[in-house]
Amino acid sequence: MSHYRRRAGLCAPLFLAVTLRVMMGVGLSQFALSSAAQAPAPLPPSAQSLGSSANSVLIPDRGDVTVLKLDDQLRVGKPIADGNALTFTSSDSIDGIVDREMRLKGRAQIRRNGAVIKADEIQYDPDSDVANLSGNTEFSKGNASFKGPKARFRVDAREGEMETPNYELRDNRASGNAKKLTIETSDVFVFDTATYTTCTPENLDWYFTASTLEIDNEQKEMVGTHGVMRFFDVPIAYVPYFSAPTSNQRRSGILAPVAGYNSNNGIDVTQPYYVNIAPNRDLLLIPRVMGQRGVQLGAKYQFLDQQYAGSLGGDYLPYDRKTGTDRWRYDWQQRQNFSGALVGMGGVPIAGAWTGYANIARVSDSLYPTDFSQSIAGAVTNQFRQELGTTKNLTGSLSNWIVSAKAVTFQTLQPDLTAPVQSPYNVLPNINASYTNRLTPTVSDASGKYLTLPSGPITTFSTDYTRFAYNVNSNLAYAPAGYLYSQADRTVIKGAMSLPQITPGYYITPKVSFQSNTYAATAAVTSNNPLGAAPPAQGFTIPTFSLDSGLAFERDAAELKGFFGRDMLLTMEPRAYYVYTPYQNQALTPLFDTADAGFGVTQIFSENTFIGNDRIADNNKLTGGLTSRMIEASTGAERANVTVAQRQSFTGQKVGLNGNIANPTTYSDTLGSASVRLLGNFSADMFGQYNTQLNKFVQTTVGGSWRPTPGRSLNFGYRNVWSPPTQAFGPTPATLAQTTTDQYNISGQWPITREVSVLGRWGYDALTTKTLNTLVALEWMRDCWTFRGAYSQMLNTSQITTTQVLFQIEFRGFGSAGSNPVDIMKLNVPGYMPTSKPIPPSIYENYQ
């Protein structure tokens, strides 16, 4: 029989030890760096020799095994100027006159500085530097190669010409042929009457023809005249002049147009133009034509620097033919470092840094996102914020302090007048100072192999000042809940001290804390309160004590090896959490940024049942929970976990969100959650809240997915919320028991042939008997092109349903046309895998 044992071992999680080994490996790798002319460094010493040294980290002994490297890890020699490079020749036979003429016959080759010339026969004149090639001629450099029946080259000048060449550019898997090739330099090739495609010769579905085509292999671009695009030999587009990239490097130019149909706008066409201002700056111009509305102008500017990063964008429609008004949107986001150092470009601030940020967005009207957004997430947005803030990490003797300030206003949209959205208070401003100190930080042990977790007391202290302001504009339907004050100053002071004791087998954390609130509020003058009468805002000072503890047991689960096919561990982790907070009447304390925290596995193990600073729940509660996990013994991967938790209140909670609870109860629902990850790529997640008094589930959430291989996925989800009856208290009326949520959704992606995959999603609300969203999509992938089409219908509000038809055809390595439905597919189908992009070519792929 297997027995549970208390977990023991490392003094820190396993990944910390692994991190130390990786860091040491990186440090050792610096000694292997050498110049291009040196031989590779020898392998590191064996584990036995390292083990004899002090403070060393053990690494596996490779013995005499030769370790192969990936091509991106191989060292490339330093480039050599053409004037300093040597020329090499080889052939089956050679004859001629010294310094006047040389004839190479049979597998003839001339090599110089990475360029190779091949032919059946090469006749080279050193005086004129001209090489005439005949029979199976080939010129290659890097990942570009050209083949033809005969050619003529000037070797030193890297110039020449080739008749009826076939060419291949492996950087973007492109190929083609031409009537004539002129090599102007070693990197510039000009074709007459040329074709260009990324298809293989046996599947030449599309190709591009041009009267002249110039490919610059150094600048990674091609320029041509009189270009015609043919798809299955049918001309579909003509351009008198064009310029296009031959790699993924950024460059200015016209991007692929975006076209589709939307029930709000009719035919919808966008033609973006990209401007590559600098390596760290770019501009995207976005003109958009909508059949039912007019012409919209848009732009987005992005910038990135060591001290700042951000974007600035907006759209403007001078006259909307459907509404008769001007419509607009702007969005500014930026992070700024005023002083101190950052990690990386526009990166994370370190100690002493003073940073700031801006997040400002507004729209012209409440229906703007619904009418103009090209994504589902944007279409259902009902709030935009305008926020400016700054943070300063203090240094020296004040290094444990962080000071911050911010100001926030909100634009709350009302797209559905039958379902008003409450507007929050504006924050003008908020100033915060917080202190954190731990006497014993994280340290390594004597061997240097492991980390000892921090111990000792943790002290935190913070003070927070906020001015809340709100202008109701005579519309109380949009006012915050319990709206009584037009302006208020709130000061919050918090302090806490905890003493965590953490080991691999158990932990215990006692903690004492307090919160003190003071208010200075101005009553609101409304039609219901013309005199501006309101009770004085009541503050409070409330202490809290909590004790969190847990154990961790594990055993070898031999009975699971037959199912999972590998050694498994089974854990049992009981947890007990006690919290005591004395009752203090908060019925006259206003609400500015506080709401119920909800009831879940995370919330049941918390000190307060509210989020925000305006309510502190009175507690005398003990929460018990048990978690069991199935873990792979060799990798630590978690295959399943089950959690059950219940809270026992010794006294009923009296503090409510909108006043005191009339009849507090000590009863609490039972929570359960489970997660399963099977080896066959099947996963399931479940959550339930069970009311034992009513013998009914209050909340039920079930989700599952099966993803056997990339590109194959099936998903299912169900959510049900049932509200038990409640009694009236304060401004909140009594309610009857009812089901408030009963929704289903299914989605998936599945191939029906080797080339065609179908996608879909269906969401259904059983309470309203309405379809919430529908997606039907198809993806057809060929050798060198991909077609995607999608039909989407979404219920934005109770009165507005948006229908979209999106389609796109993508020619690999050349461009695309249409409205890209990939974003809408990713949002609707969890696990969706778009068509895989080709593997980038190796610099050694055409090595000769």
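Keep in mind it's a predicted model, so treat the numbers as computed, not measured.

1. Details of the overall build of the protein chain
Working step 1: The number of helices and strands found in the protein chain is seven helices and 54 strands.
Working step 2: Taking all 848 residues of the protein chain together, 37% fall into the buried category.
Working step 3: Across the protein chain, contacts joining residues at least 24 apart in sequence account for 52% of those joining residues at least 6 apart.

2. Some words on the confidence of the model for the protein chain
Working step 1: Taken residue by residue, the protein chain gives an average pLDDT of 82. The fraction at 70 or more is 82%.
Working step 2: Within the model, pLDDT remains below 50 along residues 9-62, and this stretch shows 54 contacts once partners closer than five positions in the same chain are excluded.

3. Brief notes about the environment of E214
Working step 1: For E214, the location among the structural elements is in strand β13 (residues 206-216).
Working step 2: Through-space distance from the C-alpha of E214 to that of L181 is 9.6 Å; in sequence the pair is 33 residues apart.
Working step 3: The contact partners of E214, leaving out residues within four places of it in the chain, are V188, F189, V190, E221, M222 and V223.

4. Some points on the state of the cysteines
Working step 1: For the structure on display, the rule yields one disulfide.
Working step 2: Shown here is the disulfide that connects C199 with C784, its sulfur atoms set 1.7 Å apart. Given an S-S torsion of about 70°, the disulfide between C199 and C784 has right-handed geometry. Separated by 585 residues along the polypeptide, C199 in the loop between β12 (188-196) and β13 and C784 in the loop between β51 (770-781) and β52 (785-795) bring together distant segments of the chain.
Working step 3: On the basis of relative accessible area, C199 is assigned to the buried category, the value being 3%.
Working step 4: The buried category is assigned to C784, whose relative accessible area is 1%.

5. A word on the pairing of strand β50 (residues 756-765)
Working step 1: The pairing of strand β49 (residues 738-751) with β50 spans nine bridges and is classified as antiparallel. For Q743, the partnering residue across the bridge sits in β50 and is D765.
Working step 2: Relative to β51, β50 runs antiparallel, the two sharing 10 bridges. Residue pairing in the sheet places S757 in a bridge with E779 of β51.
Working step 3: Between the end of β50 and the start of β51, which pair antiparallel, lie four residues, with T769 showing a positive phi angle near 50°.

6. Thoughts on the environment of F814
Working step 1: Structurally, F814 can be placed in the loop between β53 (801-811) and β54 (815-818).
Working step 2: With residues up to four places along the chain from it excluded, the contact list for F814 reads Y196, W206, F208, M222 and M229.

7. Details of the nonpolar core
Working step 1: In terms of nonpolar packing, the biggest core is built from 42 residues, with I122, F139, F146, F191, W206 and L213 touching the most fellow members.
Working step 2: The residues touching I122, leaving out its near neighbours within four places in the chain, are M102, R103, L104, A108, Q109, I110, I117, A131, N132 and L133.

8. Observations regarding unusual backbone geometry
Working step 1: The amide bond that connects L428 to the next residue, P429, takes the cis arrangement and shows omega of -5°.
Working step 2: Along the chain, P429 turns up in strand β29 (residues 426-440).
Working step 3: If you check the backbone angles, N136 has positive phi at about 50° while not being a glycine.
Working step 4: On the secondary structure map, N136 appears in strand β6 (residues 130-141).
Working step 5: Given a relative accessible area of 58%, N136 falls into the exposed group.
Working step 6: The phi dihedral of H226 is positive, around 50°, even though this residue is not glycine.
Working step 7: If you trace the backbone, H226 turns up in strand β14 (residues 221-231).
Working step 8: A residue is classified by how much of its surface remains accessible, and H226, at 42% relative accessible area, is partly exposed.

9. Brief notes about the packing of aromatic side chains
Working step 1: A full pass over the atoms with the stated rule returns 28 aromatic pairs.
Working step 2: One aromatic cluster is present, formed by F139, F146, F153, Y167, F189 and F191 through successive ring pairs.
Working step 3: Note that R575 overlies the ring of F605, its terminal NZ or CZ placed 4.1 Å from the centroid.
Working step 4: Directly above the aromatic system of Y583 lies the positively charged group of K654, at a separation of 5.0 Å from the ring centroid.

10. Re a nonpolar patch on the surface
Working step 1: Where nonpolar side chains cluster on the molecular surface, the patch consists of Y261, I267, V269, V289, V295, L297, V776, Y791, V805 and F807 and spans about 850 Å² of accessible area.
Working step 2: Contributions of two or more residues to the nonpolar patch are made by β18 (266-270), β21 (294-304) and β53.
Working step 3: You can see Y261 is positioned in strand β17 (residues 258-262).

11. Topic: the pattern of salt bridges
Proximity of charged atoms lets side chains of opposite charge pair with each other.
Working step 1: Scanning all chains against the criterion turns up 30 salt bridges.
Working step 2: The residue R103 makes a salt bridge to D95 at a minimum N-O spacing of 3.0 Å.
Working step 3: In this structure D95 comes out as partly exposed when scored by relative accessible area, which is 35%.
Working step 4: A salt bridge links R154 to E159, with the nearest nitrogen and oxygen atoms 3.6 Å apart.
Working step 5: Looking at R154, the relative accessible area reads 39%, which means it is partly exposed.
Working step 6: A single salt-bridge network, built from bridges that share partners, covers R293, D320, R327, D365 and D371.

12. A few points about the side chain of Q699
Working step 1: In this structure, Q699 sits in strand β47 (residues 696-706).
Working step 2: Among the polar contacts listed, one links the side chain of Q699 to the side chain of Q689, at a separation of 2.7 Å.
Working step 3: Among residues more than four places away in sequence, those in contact with Q699 are F599, F687, G688, Q689, R719, N720 and V721.

13. Concerning the environment of T459
Working step 1: Looking at where T459 falls in the secondary structure, it is placed in strand β32 (residues 455-469).
Working step 2: Along the backbone, T459 and S513 are 54 residues apart, and their C-alpha atoms lie at a distance of 9.7 Å.
Working step 3: Not counting residues up to four positions away in its chain, the partners in contact with T459 are Y435, T436, N437, A496 and M497.

14. Focus on the side chain of N337
Working step 1: Inspection of the secondary structure puts N337 in strand β23 (residues 327-339).
Working step 2: Here Q307 takes part through its side chain, which lies 2.4 Å from a polar atom of the side chain of N337.

15. Considerations on the pairing of β54
Working step 1: When β53 meets β54, the two strands line up antiparallel, connected through four bridges. Pairing of F811 across the sheet is with G815, part of β54.
Working step 2: Hairpin connection of β53 to β54: three residues between the antiparallel strands, including G813 at a positive phi of 75°.

Basis of the calculations
- All chains use their own residue numbering, which begins from 1 and follows the written sequence.
- Only residues with pLDDT of at least 70 get local features here, since the model is predicted, and only at 80 or more are side-chain atom pairs given and counted; chain-wide, interface and lining totals rely on the full set of residues.
- Neither water nor hydrogens contribute to the side-chain values; these are computed over all heavy atoms in the structure.
- Labels follow the DSSP assignment, with helices taken as runs of H or I lasting at least four residues and strands as runs of E lasting at least two, numbered in each case from the N terminus.
- Categorising residues by exposure relies on relative accessible area from a 1.4 Å probe, with only protein chains included: less than 20% of the type maximum marks a residue as buried, more than 50% marks it as exposed, and the intermediate range marks it as partly exposed.
- Contacts are assigned to residue pairs that have any heavy atoms within 4.5 Å of one another.
- The pLDDT score gives, residue by residue, the confidence of the prediction method on a 0 to 100 scale.
- Disulfides are defined as cysteine sulfur pairs within 2.5 Å.
- Think of it this way: DSSP has to see at least two bridges between two strands before they count as a pair.
- Among the buried residues, those of types Ala, Val, Leu, Ile, Met, Phe, Trp, Tyr and Cys that are joined through side-chain atoms within 4.5 Å form a nonpolar core.
- Classification of ring pairs rests on two measures: the distance between centres of Phe, Tyr or Trp rings, Trp counted by its six-membered ring, which must be within 6.5 Å, and the angle between planes, read as stacked under 30 degrees, edge-to-face over 60 and tilted in between.
- When the NZ atom of lysine or the CZ atom of arginine is within 6 Å of a ring's centre and also within 35 degrees of its normal, the charge is said to sit over that ring.
- In this analysis, a patch consists of residues with relative accessible area above 30% that form no salt bridge, clustered at 9 Å for like charges and at 5 Å for the nonpolar side chains Val, Leu, Ile, Met, Phe, Trp and Tyr.
- Under the convention used here, a 1.4 Å probe and the Shrake-Rupley method define accessible areas, while residue burial counts only the protein chains that appear.
- Counted as salt bridges are all cases of a side-chain nitrogen of Lys or Arg within 4 Å of a carboxyl oxygen of Asp or Glu.
- Between N or O atoms, a polar contact is any pair within 3.5 Å; within protein, one atom must be a potential hydrogen donor and the other a potential acceptor, and residues adjacent in sequence are included only when both atoms are from side chains.

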